[in-house]
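The lines below spell out each chain.
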Amino acid sequence: SQTIHQWPATLVQPVGSPLSLECTVEGTSNPNLYWYRQAAGRGLQLLFYSVGIGQISSEVPQNLSASRPQDRQFILSSKKLLLSDSGFYLCAWSVGGFEQYFGPGTRLTVT
Amino acid sequence: AQSVTQPDIHITVSEGASLELRCNYSYGATPYLFWYVQSPGQGLQLLLKYFSGDTLVQGIKGFEAEFKRSQSSFNLRKPSVHWSDAAEYFCAVGAAPDMRFGAGTRLTVKP
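A. Broad picture of the pattern of salt bridges. Residue and element names in this part refer to chain B. Enumeration over the complete set of coordinates arrives at 7 salt bridges over all chains. In this structure, the salt-bridge partner of glutamate 64 is arginine 77, at a minimum N-O distance of 3.3 Å. You can see glutamate 64 sitting in strand 8 (residues 64-68) and its partner arginine 77 sitting in strand 9 (residues 73-78), a full 13 residues away along the chain. Between glutamate 66 and arginine 77 there is a salt bridge, and its shortest N-O distance comes to 3.1 Å. Of this pair, glutamate 66 sits in strand 8 while arginine 77 sits in strand 9; the two residues are 11 residues apart in sequence, bridging distant segments of the chain. One network of salt bridges, with partners in common, ties together Glu64, Glu66 and Arg77.

B. Structural view of the state of the cysteines. Residue and element names in this part refer to chain A. Following the criterion strictly, the structure yields 2 disulfides over all chains and no others. Between cysteine 23 and cysteine 91 runs a disulfide, and the two sulfur atoms are separated by 2.0 Å. One quick way to see it: the torsion about the S-S bond of cysteine 23 and cysteine 91 is about -75°, and its sign makes the bridge left-handed. In this pair, cysteine 23 is assigned in strand 3 (residues 19-26) and cysteine 91 in strand 9 (residues 87-94), connecting sequence segments 68 residues apart.

Definitions and limits used
Residues numbered from 1 in each chain as written. Chains lettered and ligands numbered in written order. Predicted model: local features only at pLDDT ≥ 70, side-chain atom pairs only at ≥ 80, totals over all residues. Heavy atoms only, no water. Salt bridge = Lys/Arg side-chain N within 4 Å of Asp/Glu carboxyl O. Helix = DSSP H or I, 4+ residues; strand = E, 2+ residues; numbered from the N terminus. Disulfide = S-S within 2.5 Å.

Quick look at the structure:
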């Protein structure tokens, strides 16, 4: 069966510091991968998605970036965090573009 | 453009009572519809999905949802709520990466 991992589970970082969140999927090949952000009391905002290695589409212009160095690995990065980057970051995967399956999330607090 | 509205931000029901969570959507074609559940600090879990066919769909954990095209609705129901159902529920429409999520309904279950 397929599983999706995210780490770290929680992270507290100062403003201006770099960021790297990692997501890996097991049990499937060539998945579509997604990064979402969920701010407190709000819905989900799609940040990036990828249909293959090295292929990244950005949905929202901001100081975050994403990379897909391997088929089942998706990384969310920032060179300099802002206070507004705080939130709950969710990675998801899909095959065929229909339903998505979500990871456990990373709680990021920027101080 | 597709969109989802969950009119109820917060619902409280007693354990053992029935539950209905409302979802209204706007979509240009036959919609793909989903319900997800999120426990505090966790990722989203897919409860059920509708693509076509029978308008009453069964999901996990005893949930069901009914697609009503004339009302542009996809309401989630459960005949008897358990304390473990307390969570946030998200309705979604569309296919990834163009999936749109509602803002969520928080369910509180009273003993």
